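Commentary on secondary and tertiary structure
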Amino acid sequence: MMTLRPFLPALLFVLLSFSQLCLAQPQHPRIYIKDSAREAFLVSQKNTAWKKTYVEELKAQVDHYVALCEKDPEWMVSRLQMNWKTRHDKVFLKGGNFSHSEGKAPVPTVRFSGTRDWATNYLEPAIADVEPYFDDPRGMHLVHKESGKKEWIHPSKSGHIIEGINRKIMKLVQDAAFLYWLTGEERYARFAEPVFTQYIEGMYHREAPYDIDQTGQQRLSGLATFEVIHEKITIYLTVAYDFLYDYLRKHRSDQSHTIEVFQRWADQIIVNGVGENNWNFFQAHFLIYLAAALENNASYANGKGQEYYLDQIFEVTTDRQVALKESVLVFDQETGIWPESASYSLHVITSLLEVLTLYDQATETDAFADYPIAEKATLASFQYLFPSGHIIGFGDSKHEPISPDIFEMLIAHYDKYQEREKEQLISAMLQELIDRGEYTRKAGDLFHLFFYVDELDSDAETDIDPVAMGLMTPTFHAPSVSMFLQRLGAGRHAIMASTVGAYGNHAHANGIGLELFANNYVLGPDMGRGPSYWHPDHRDYYSQFAAHNTVAVNGQSTYRTMLSYHPYTLDNSFPVSGQPASQFDKVTFSKASFVEPATNAQQQRLTAIVQTESEQAYVLDIFRSAVAGSAAQRHDYFYHNLGQTLEIRDSEDHPLALQSTDKLSSAAGDHKAYDYFQDKQGTATDKDLSAVFRLSTSDQPDNLMKLWVKGSADQSVFSVQAPPSRAISKRTAPDSMLGAQLPTLVLRREQAAWEDPFAVIYNPYLADDANAVSAVDFSTALQPAGAQAIVVSLAEQGVEDHIVANASVNELAGGDDFYQKGLLSIVRRRLDDRQPVFFFVSGVYRFDYEQWQVISVGTAVTVSIEVKGEDLYLQNDQPVLIRIPKGETDEMPTILLYENGELSAERKGVISRLNPEQVEFRLAKAYEKVVVKR
């Protein structure tokens with residue numbers, strides 16, 4: 001019998017060589033899916049309604065263009081934005097604008113973008129309206145947005161239209177390539193291949209742009225656009241290549257030009273950019289596609305393959321591209337907040353999750369395990385939310401929902417790696433959005449189609465409450481963006497205050513800015529960004545003090561916007577940031593300090609939300625501002641509110657007579673942002689006054705914001721119309737306010753506003769509800785003069801809130817039966833018997849109110865005392881001595897001490913040695929709950 005033993009070495013060599021040959025063969029597609037998963041995908045796509053719908057809609061759209069090209073093979077190719085006639089291979093810029101092109105290539109070359117600024121007065125034409133083989137020395141021929149007529153313009157006036165047309169065409173090419181892979185029908189490949197090849201050849205024979213003026217633009221540009229972070233067309237090109245791979249190899253076997261274009265594009269993205277902000281993530285987002293499309297390093301003479309570019313993304317830092325492993329360290333590791341305005345922070349999170357998802361797909365490596373900040377940052381994004389479910393609008397942000405993409409990607413990751421508990425948790429959160437009608441699961445692009453799970457975990461509970469889970473806490477401090485958030489109340493009585501400085505990227509010159517949510521809308525909104533960052537409206541108004549709810553000094557307050565380093569200092573706050581609701585839930589507050597750099601003015605803002613017995617709430621705002629040592633100074637308090645009207649009334653509740661004025665303008669010496677105000681009317685008055693903003697809609701009662709304003713010497717009040725807020729949205733404002741001017745109140749103080757600060761009570765209510773606040777009295781005199789004493793009378797509740805606020809924990813305030821050394825006290829008392837409903841003191845060393853005393857033991861203390869029947873409920877954050885009035889009997893009250901929700905100790909109070917009418921007890925440490933049973 002013949003034996004194989006003598007042939008085994010040779011056989012093993014052949015088998016090994018064949019195995020290595022197979023392994024060396026390029027495996028495509030692989031960016032979104034591998035062929036080994038094709039059958040499973042086909043079943044998923046057929047049986048999952050949202051996937052099936054997307055593919056059907058995609059097919060219908062692509063089929064339309066395929067049919068056009070079957071009749072005219074040049075129909076789509078001819079609409080690419082190319083240098084068809086000139087074949088220029090060199091592109092010249094003048095800073096952020098296209099200048100001209102020149103040179104000669106053997107084939108038509110890809111046109112470069114018109115300008116870095118996306119704002120344009122012209123409309124981007126539909127693909128069908130693009131003139132075939134358009135290349136005219138007169139420039140672009142576009143329809144003006146206002147006149148509706150076509151005009152000849154230089155490309156630098158066209159915004160991003162050139163790249164936009166090419167991007168739309170290449171997305172169709174990508175989609176057709178996918179349908180070729182899905183269906184096997186070559187008509188899709190015949191449609192896609194010539195357009196893909198024309199573009200690739202046109203880019204291969206064209207150089208990177210050159211800035212004639214050698215500005216910073218030279219190190220920002222990509223191959224197609226003015227910013228490497230706008231090179232989205234690389235996604236469509238690489239995915240199209242991936243799905244068309246076998247067809248391209250069969251019909252155009254030499255793909256060396258494609259490979260070189262991908263490598264050059266990746267190199268351009270790496271060598272250019274901005275290394276210290278979100279650009280690292282956006283660059284990585286495009287680089288991961290280019291890397292995944294390439295073969296291994298050994299496949300290329302220059303060694304620049306998939307491993308090389310993956311290493312550039314994750315491990316290698318250059319002056320223009322910081323390695324991802326280092327970039328993620330910029331996240332606040334404690335809070336999970338990225339140091340940019342909220343919209344951009346969410347964009348960073350989305351990009352990071354997509355990069356990790358694609359890396360996982362390309363390498364079968366759980367990249368999420370090495371980047372836990374991705375999960376933390378995703379969950380931290382809930383803190384940005386108003387009660388409406390939309391994010392806050394500071395800096396260049398706008399009120400938009402958190403992109404469900406970030407939750408979908410987390411769910412897909414948890415599903416892949418069998419982390420069921422986390423998958424069910426995030427699925428439940430997403431299901432909440434679906435149940436509220438805020439999200440419909442559907443694919444918006446191919447990435448969604450391949451990476452979202454077919455169905456959310458059916459075992460996921462649907463009663464997830466981000467507030468109850470601690471994802472949206474009563475207060476939240478994010479020092480990395482100089483932001484402090486306060487929330488109080490629920491449902492229609494939910495109110496929220498967002499206090500922001502300017503720290504990090506996409507920030508504005510806003511001092512200590514304020515945004516207010518109440519009555520289901522962001523009634524006191526931020527303005528958002530202008531038409532673009534380069535537009536004069538943004539530079540001169542939207543990014544400046546006058547566009548924010550803040551205080552400007554001498555009409556000149558400003559500082560660097562975008563990348564700004566002007567945070568405030570959070571001096572005091574309650575309750576503890578990032579913690580669930582405490583036992584005492586009637587008050588939140590913050591006090592922030594700031595130095596306004598243009599004038600070196602000291603500024604301070606104390607903002608509190610106080611809930612009334614009717615569950616409505618009001619907001620206390622005390623803003624101090626002064627230029628030390630300056631006799632002549634001026635301070636302007638701005639407040640913008642949604643509404644059609646603003647009515648200002650005097651202390652007798654009569655309409656205040658206002659006159660047209662030329663003040664509040666650059667002609668009068670103010671910053672040019674003041675010039676954007678219209679219909680300016682004002683008058684001087686030192687009396688208290690009220691201002692009512694009325695927002696009327698056809699489908700609900702009028703929405704009212706009443707301001708109770710303290711009068712002061714040398715004070716004027718103005719009513720003006722401000723430009724529209726570009727931050728508001730349909731969920732944070734009624735449709736009628738989108739694009740509408742905002743009525744704005746301006747208080748002008750012609751002297752320092754420190755000892756006599758701006759003091760305002762914001763009182764939101766609906767016309768069909770009783771107003772919870774019936775009156776506000778600013779007249780109580782305390783010593784020294786800088787202490788602010790405010791009495792808020794609560795309608796139909798028979799109680800008053802007595803508020804005393806100092807400028808710091810070390811200042812005094814005194815009066816009849818009252819003494820305070822410390823920052824803030826709020827005493828709610830009944831009118832009939834003067835008995836307290838609650839005490840709240842914070843940043844206090846000593847507080848005396850009639851027979852009640854709070855004395856800190858070393859450190860300024862925060863204490864709340866609620867009276868419930870005969871019992872007192874307390875909490876404290878530092879050791880403290882408390883004295884309360886002795887009861888009518890000789891029996892001493894019992895003090896019950898709770899820790900971690902459990903009774904830990906109890907003892908009796910003792911008669912005070914200093915006053916036999918008082919009972920005292922000491923708390924040696926912080927307690928979340930203390931009950932005094934009298």
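Bear in mind the structure is a predicted one, so any value in this text is a computation, not a measurement. The numbers attached to residues start from 1 for each chain and follow its sequence in the written order. Reporting in this predicted model follows two pLDDT cut-offs: at least 70 for local features of residues, and 80 or more for side-chain atom pairs to be given and counted; totals over whole chains, interfaces and linings ignore these cut-offs and use all residues. The basis for every side-chain value is the complete set of non-hydrogen atoms in the structure, without hydrogens or water.

1. Details of the packing of helix H8 (residues 279–293) against helix H9 (residues 306–314)
- Two elements in contact, H8 and H9, have axes separated by 8 Å at closest approach and are oriented at 165°. Regarding the angle of H8 to H9, the classification is roughly antiparallel. As H8 runs across H9, the sense of the crossing is left-handed. Facing Ala 284, Leu 287, Ile 288, Ala 291 and Ala 292 of H8, the residues of H9 in contact are Gln 306, Tyr 309, Leu 310, Ile 313 and Phe 314.
- Here the residues of the contact of H8 with H9 are counted per class, giving 9 nonpolar, 1 polar and no charged. To get an axis, fit a line to the C-alpha atoms, keeping to the stretch in contact for a helix; angles then go from 0 to 180 degrees between the N-to-C directions. Counting from the N terminus, the helices are DSSP H or I runs at least four residues long and the strands are E runs at least two residues long. Angles below 35 degrees are treated as roughly parallel, those above 145 as roughly antiparallel, those between 65 and 115 as roughly perpendicular, and all remaining angles as oblique. Note: crossing handedness is left-handed where the near helix turns anticlockwise from the far helix by less than a right angle, and right-handed where it turns clockwise. Contact definition: two residues touch when any of their heavy atoms are within 4.5 Å. In the scheme used here, Gly and all other residues not listed as nonpolar or charged are polar, with Ala, Val, Leu, Ile, Met, Phe, Trp, Tyr, Cys and Pro taken as nonpolar and Asp, Glu, Lys and Arg as charged.

2. Some details on the side chain of Asp 396
- With respect to the helices and strands, Asp 396 occurs in the loop between helix H12 (373–380) and helix H13 (404–416).
- One buried charged residue, Asp 396, forms no salt bridge at all, with the nearest opposite charge on Arg 529 at 5.9 Å.
- Of the polar contacts made by the side chain of Asp 396, one reaches the side chain of His 508; its length is 2.7 Å.
- If we ignore the near neighbours within four places in the chain, the residues touching Asp 396 are Ser 341, Tyr 344, His 506, His 508, Arg 529, Tyr 533, His 538 and Met 562. Burial classification: accessible surface area is computed with a 1.4 Å probe over protein chains only, and a residue below 20% of its type maximum counts as buried, one above 50% as exposed, and the rest as partly exposed. In this tally, Lys and Arg are treated as positive and Asp and Glu as negative; His is ignored, and so are the chain termini. We define a salt bridge as a contact between a side-chain nitrogen of Lys or Arg and a carboxyl oxygen of Asp or Glu at a distance within 4 Å. Polar contacts, as used here, are pairs of N or O atoms within 3.5 Å; protein pairs need one atom able to donate a hydrogen and one able to accept it. Residues neighboring in sequence count only if both atoms are side-chain atoms.

3. A look at the environment of Val 143
- Locating Val 143 in the fold gives a position in strand E5 (residues 140–143).
- The class of Val 143 is partly exposed, set by a relative accessible area of 25%.
- Residues Val 143 and Leu 123, 20 residues apart in the sequence, show an inter-C-alpha distance of 5.6 Å.
- Other than its neighbours up to four places away in sequence, Val 143 contacts Asn 121, Tyr 122, Leu 123, Gly 148, Lys 149 and Lys 150.

4. Observations concerning the environment of Thr 889
- Position of Thr 889 relative to the elements: it lies in the loop between strand E38 (880–885) and strand E39 (894–899).
- Given the relative accessible area of 49%, Thr 889 is considered partly exposed.
- In this structure the C-alpha to C-alpha distance between Thr 889 and Val 791, which are 98 residues apart in sequence, comes to 33 Å.

5. So, the packing of helix H2 (residues 38–47) against helix H4 (residues 161–183)
- Where H2 contacts H4, the axes come no closer than 11 Å and their chain directions differ by 100°. Here H2 is positioned roughly perpendicular relative to H4, judged by the angle of their axes. Residue-level inspection shows Arg 38, Phe 41 and Leu 42 of H2 in contact with H4, the latter providing Phe 178, Trp 181, Leu 182 and Thr 183.
- Considered class by class, the residues forming the contact of H2 with H4 number 5 nonpolar, 1 polar and 1 charged.

6. Let's talk about the sheet that holds strand E3 (residues 97–102)
- Spatially, 3 strands are ordered E3-E2-E7 in an open sheet, and the strand pairing comes out mixed. Every other strand in the sheet has two partners, leaving E3 and strand E7 (210–211) as the edge strands with one partner each.
- Whether two strands pair depends on DSSP finding at least two bridges between them. Alignment of strand E2 (residues 90–94) against E7, held across 2 bridges, turns out to be parallel. Of the residues in E7, the one forming a bridge with Phe 92 is Tyr 210.

7. Examining empty space enclosed by the protein
- Using protein atoms alone on a 1 Å grid, points that fit a 1.4 Å probe yet trap it form a cavity, whereas open point sets bounded by protein on both sides within 12 Å along at least five of seven lines form a pocket; residues with an atom within 4 Å of a point count as lining. Grid points are joined across faces, edges and corners, and a volume is the space filled by probe spheres set on the points. Per the counting criterion, the structure on display carries 4 cavities of 30 Å³ or more.
- Computed from the structure, the largest cavity encloses a volume of approximately 110 Å³.
- Of the residues contributing to the lining of the largest cavity, the split by class is 7 nonpolar, 3 polar and 2 charged.

8. Notes on the packing of aromatic side chains
- The aromatic pairing rule takes the rings of Phe, Tyr and Trp, using the six-membered ring of Trp, and pairs them if the centres are within 6.5 Å, calling planes under 30 degrees apart stacked, those over 60 edge-to-face and the rest tilted. The full count for this structure, using the stated rule, is 57 aromatic pairs.
- With a centroid separation of 5.5 Å and 75° between ring planes, the pair formed by Tyr 639 and Phe 693 is classed as edge-to-face. One end of the pair, Tyr 639, is in strand E20 (residues 635–640); the other, Phe 693, is in strand E24 (residues 689–697), and 54 residues separate them in sequence. Both residues of the pair, Tyr 639 and Phe 693, count as buried.
- Three or more aromatic residues joined by ring pairs form one cluster here, namely Tyr 32, Phe 41, Phe 178, Trp 181, Phe 243, Tyr 289, Phe 447, Phe 450 and Phe 451.
- Just above the ring of Tyr 188 sits the side chain of Arg 187; from NZ or CZ to the centre is 4.5 Å.
- Two conditions define a charge located above a ring, namely a distance within 6 Å from the ring centre to NZ of Lys or CZ of Arg, and an angle within 35 degrees of the ring normal. A cation over an aromatic ring shows up here: Lys 868 above the ring of Tyr 873, its NZ or CZ 4.6 Å from the ring centre.

9. Regarding the sheet that holds E24
- Taken together, 8 strands build an open sheet; the order of strands is E16-E17-E18-E19-E28-E25-E24-E21 and the sheet is antiparallel. Single-partner strands in this sheet number two, and they are strand E16 (569–574) and strand E21 (645–649). The average angle at which neighbouring strand axes cross in this sheet is 15°, direction not considered.

10. Some points on unusual backbone geometry
- The peptide bond linking His 28 to Pro 29 adopts the cis configuration, its omega dihedral lying at 0°.
- Turning to its location among the elements, Pro 29 is positioned in the loop between helix H1 (8–24) and H2.
- Of the consecutive residues Phe 574 and Pro 575, the connecting peptide bond is found in the cis state with omega at -10°.
- Residue placement: Pro 575 occurs in the loop between E16 and strand E17 (587–596).
- The backbone phi angle of Gln 418 is positive, close to 60°, even though this residue is not glycine.
- Mapped onto the fold, Gln 418 is located in the loop between H13 and helix H14 (420–435).
- At Asn 600, a residue that is not glycine, the phi angle is positive and equals roughly 60°.
- On the secondary structure map, Asn 600 appears in the loop between E17 and strand E18 (601–611).

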